[in-house]
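If you want the building blocks of each chain, they are given just below.
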Amino acid sequence: MKLYIKSVDIRGFRAFERPLTLEFQCGINLVVGPVGSGKTSILKAIEFCLYGTVSEIKRRIYRKADIINDFSEAAEVTVELASSEKSFKITRTYIRKGFEQLKVQVGEKLLEGEPAEAEVQKIIGLTHEDFARHVFLDYHRLQEIIFGSPATRSLAIDKHLGLYTIERVFRSIPLGLVKEKLDMLAAKEKELKEELDSLPDREELVREIGELEEEARNYDRTIPELEERIKKLKKTLEEQAQKKRIYDELKTKQEKIEAIIEHYRRTRKIDPKTASDLLSALYEKIKENICEGFNLLYNLKKCEELTQKLEEKGTQLETIKLFEKYYEELEKEFDRFSTEIEELERERLSKDIALRNIEKEISVLQASKLEYEELEDELARLTEKYGSEKVLGEKLSQLEREIERLKNKMRSETCKVLLQKSVLEGKSDTCPICEQKIENIDEFREKYRKAVKNLSKLGKEKLESTENKLEEYRKAYDRIRLLRRRLVELEEVVAKYAELEATLEKAKKELEELEETLEDRKRLQVKIKGILRGARAYIKKASSLATALAGWKDITRLQKELEALSKNIDKLNFDPAEYEILENEVKTLTSNLENYKARKEELIQTLEDKRGTLAEIERLNAELAAISQKEKEIERFYKRLLKVRRALREAQSELRSRVIEELKERINEAFRAIYRYGDYEELDIRVENIRTEKGYPRSIYRLLAKRTRDGQWVPILPRLSDGQKSLIALIFAVAVHGLAENKPDFVILDEPAPNIDEVLKRSVAIGLQKLGMQQVIIATQSEILKTENAKIISLKQEMRKE
Ligand SMILES: Nc1ncnc2c1ncn2[C@@H]1O[C@H](COP(=O)(O)OP(=O)(O)OP(=O)(O)O)[C@@H](O)[C@H]1O
Ligand SMILES: [Mg+2]
């Protein structure tokens, strides 16, 4: 039955908002149109109608809802398939809300739903996957075969050949996981074994636990026995302890008394007779000293009083007390005496200071006194030389008068000379002295010369000497007056000076007396101090002797007491040594008991620990057994999986070689029909088994070609241009198409070889026809050059809008 697509009706599918109906012929159909004109949409509409899906949805390139035209509510495609006998009308509707419907019209019969789906499967005879491999030859899938690394290419080829399913099964076998699990178990086993190794040996441990339990049982027996024994001993000890207390008391008393007696024996070496003689002599000395002390302090009554008191006989100790009392009184009196001395000392000091002050004052006045004396001397000298003040006053007025007289005389002399001069100068001719006419001028001249000489020499000299004398007398007069005034001033100071000197003298005398008294008292003080010291020493000695004498009596009493004590002790019948032995025994036993108990505690603890360890060992052993059991199971499973994998690989490689064998012929057939370059004349596919980087076995396809020029077989893909490669991919796809059984008699190619020229496209179309394909639908952007018998369906950009 030759089945081909007769027509397609498209509504609301992808590019087509408006309905579009296309008629196809049995033979070559070229759907031609520019980019985005809707070529692929037509082909995908056919795929969608037959299978309810497209490979883009399967590969999640877009969702199913995307196949509905954006401006339509539903997509509906009807494909009419026809053969010489029958025709089928398949309509698939898909509403935006997710509702889908399939209807198949076979003659008069209309099928829907599941039966319709089953009918379509039966008509086409291929699954959707096989349809994609054998019928709808999509440019993207073809590209995968020729571009990319050998590994990805080989994978694509496998997929194309339908061999990938086995690979998928092979890969889905979780060998790694199982191995991982096995490793994990092995690691766990190792860990457990290590843990077990770190624990003690089980048998040894069991033996040890047995031993320890035995020991613990022993303690359970011995401890109560020991406790009982200690209880008994303690009771005896308590009884003895009471006796011990009394014994200890008596013993301490005894020891004390013995010690006192011993002490007396040791310290009081002197006997009572000598002691009492010595004491009498000492009493005499004490009395003498105290009496002398009181006498020296002018207290004679006290001595009499003491003598009287001593005569009233008292005990030795009372006598000592009496002496001590008088000694204290004497000491007090002596203290008073010492205080007096101190007061005197202070007085002496203040007097000394007063004396110094007077001396200082005198020294201040000394200068004035000296001045007074000197002035007095000077006054006496002056009076002696110049006479008294009165006489000197008279002499002064006398001299003043004389000077006046001399001056007058000089003045008249001078006048005479002046007149004489005027005569000589011719102003007059009369002598000024005798008032006579001058006859002899020369004589007159001589007289004038003499007069001038006299005036200057005698007159002046006399005046000067008188004046000098006056000056001297006046000075002396003034000095005398001054001295007298000053002397009157100083007189008071001099009087004070004399007074102070008298006071100083008196004070000095007083101080001397005081010092003498002080000296006497101090001497006395030293003496009394000596007496006191002596008395004190004698009293001390006497006191100790008196005490000793008193003690002798006590000792006799104590000795009697001691005898009584010893008897009491004997009566008590207590042996401290025995008591100590008993006490020690109790102590030792108690400490033993403590040790036993501690050891038992320790034992129990150790036992617990060991039992814990044993339990741990048992647990680990059990876990280990479980693990090795599981390990064995998994290992068995692992081996089985390995076998399955091996079988799968074998089956795969068997299948592969068969497919390849069959494919080789078809490829060469297609090669000869389509590839017209002439540089290669034959193709070959070889399978090479390699190991990947990770060590997995992998089959790689190698495409080889026989070079026409030298007949050499060479890998072809590295040598071809991109267009040539596209051709090879197409050749491969066409060959695979030929392999399919139950295939429909049409093939759909969406841009089969994108990068080939128009001429080549034409020869591809012709080649495909030559290969005997009943119906070929090819979508391409550019119209293939004049092709015979080809139906051309031209799409324009606007077409889908019509
Ligand atoms: N759901 C949709 N609703 C509306 N328009 C759509 C929808 N899906 C696709 N189209 C339109 O359809 C056109 C694509 O159509 P198609 O893929 O069939 O073009 P083509 O002819 O195959 O182009 P090329 O030569 O590039 O392969 C685009 O213009 C796109 O906008
Ligand atoms: Mg397209």
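In the block above lies the structure referred to throughout.
Here we summarise the structure given alongside this text.

**Examining the overall build of the chain**
- Assigned secondary structure in the chain consists of 17 helices and 14 strands.
- Compactness check: the chain gives a C-alpha radius of gyration of 84 Å against a globular reference of 28 Å for 802 residues, more than 25% above the reference.
- Overall, the chain is about 215 × 165 × 60 Å in size when its C-alpha atoms are taken along their principal axes.
- If you take every contact in the chain between residues at least 6 apart in sequence, the share linking residues at least 24 apart comes to 74%.
- A total accessible area of about 48700 Å² is found for the chain, and carbon and sulfur atoms account for 50% of it.

**Quick word on the nonpolar core**
- Counting residues in hydrophobic clusters, the biggest one holds 52 residues, and the most contacted among them are Leu 161, Leu 663, Ile 716, Ile 728, Phe 732 and Leu 768.
- Non-local contacts of Ile 728, meaning those with residues more than four positions away in its chain, are made with Phe 671, Tyr 675, Leu 683, Leu 703, Ile 716 and Leu 720.

**Things to note about the site of ligand 1**
- For ligand 1, the set of nearby residues contains 16 residues, the closest of which are Gly 36, Lys 39, Thr 40, Ser 41 and Asp 70.
- Arg 14 places a polar main-chain atom, nitrogen or oxygen, 3.4 Å from a nitrogen atom of ligand 1.
- In the complex, 71% of the free accessible area of ligand 1, which totals 650 Å², lies under the protein chains.
- Taken together, the residues that form the shell around ligand 1 break down as 4 nonpolar, 7 polar and 5 charged.

**Some points on the sheet that holds strand 3 (residues 28-32)**
- What the 5 strands build is an open sheet, ordered 8-12-13-3-14; its pairing is parallel. Where the open sheet ends on each side, the last strands, each with one partner, are strand 8 (136-138) and strand 14 (790-794). Taking the axes of each pair of neighbouring strands and ignoring which way they run, one obtains an average angle of 15° across the sheet.
- Where strand 12 (residues 746-750) and strand 13 (residues 775-780) come together, 5 bridges link them in parallel fashion. Paired with Val 747 across the two strands is Val 776, which belongs to strand 13.

**Overview of the pairing of strand 2 (residues 20-23)**
- Because side chains alternate across strand 2, one face comprises the buried residues Leu 20 and Leu 22, and the other comprises Thr 21 and Glu 23, none of which is buried.
- Of the pairings in the sheet, the one linking strand 1 (residues 4-11) to strand 2 comprises 4 bridges and is antiparallel in character. Pairing of Val 8 across the sheet is with Leu 22, part of strand 2.

**Side note on the pattern of salt bridges**
- Following the criterion strictly, the structure yields 61 salt bridges and no others.
- One salt bridge in this structure joins Asp 183 and Lys 179, with 3.1 Å as the shortest N-O distance. Of the two residues, Asp 183 and Lys 179 both sit in helix 8 (residues 175-198), 4 residues apart, roughly one turn of that helix.
- Relative accessible area serves as the criterion here: at 41%, Asp 183 is assigned to the partly exposed category.
- Assessed through its relative accessible area of 35%, Lys 179 is described here as partly exposed.

What counts, and where the lines are drawn
- All chains use their own residue numbering, which begins from 1 and follows the written sequence.
- Whichever chain is written first becomes A and whichever ligand is written first becomes 1, with later ones labelled in order.
- Reporting in this predicted model follows two pLDDT cut-offs: at least 70 for local features of residues, and 80 or more for side-chain atom pairs to be given and counted; totals over whole chains, interfaces and linings ignore these cut-offs and use all residues.
- Just so you know, side-chain values use all the structure's heavy atoms and leave hydrogens and water out.
- Strands are runs of DSSP state E lasting at least two residues, helices are runs of H or I lasting at least four, and both sets are numbered from the N terminus onward.
- Using C-alpha atoms as the atom set, the radius of gyration is obtained and then compared with a globule rule of 2.2 Å times the number of residues to the power 0.38.
- A contact between two residues is defined here by any heavy atoms of the two lying within 4.5 Å.
- Per-residue and other accessible areas were derived by the Shrake-Rupley procedure at a 1.4 Å probe size, with only the shown protein chains allowed to occlude residues.
- We define a nonpolar core as any set of buried Ala, Val, Leu, Ile, Met, Phe, Trp, Tyr and Cys residues linked to one another through side-chain atoms lying within 4.5 Å.
- The classification of residues rests on relative accessible area computed with a 1.4 Å probe and restricted to protein chains. Under 20% of the type maximum is buried, over 50% is exposed, and intermediate values are partly exposed.
- Note on definitions. A residue lies near a molecule or strand when any single heavy atom of the residue is within 4 Å of it.
- In the analysis that follows, any N or O atom pair within 3.5 Å is treated as a polar contact, provided that within protein one partner can donate a hydrogen and the other can accept it, and provided that, for residues neighboring in sequence, both atoms belong to side chains.
- When residue character is reported, Ala, Val, Leu, Ile, Met, Phe, Trp, Tyr, Cys and Pro are called nonpolar, Asp, Glu, Lys and Arg charged, and the others, Gly included, polar.
- Any two strands between which DSSP finds at least two bridges are classified as paired.
- Orientation is described by lines fitted to C-alpha atoms, with helices fitted over the stretch in contact, and by angles between N-to-C directions that extend from 0 to 180 degrees.
- A pair is scored as a salt bridge if a Lys or Arg side-chain nitrogen falls within 4 Å of a carboxyl oxygen belonging to Asp or Glu.

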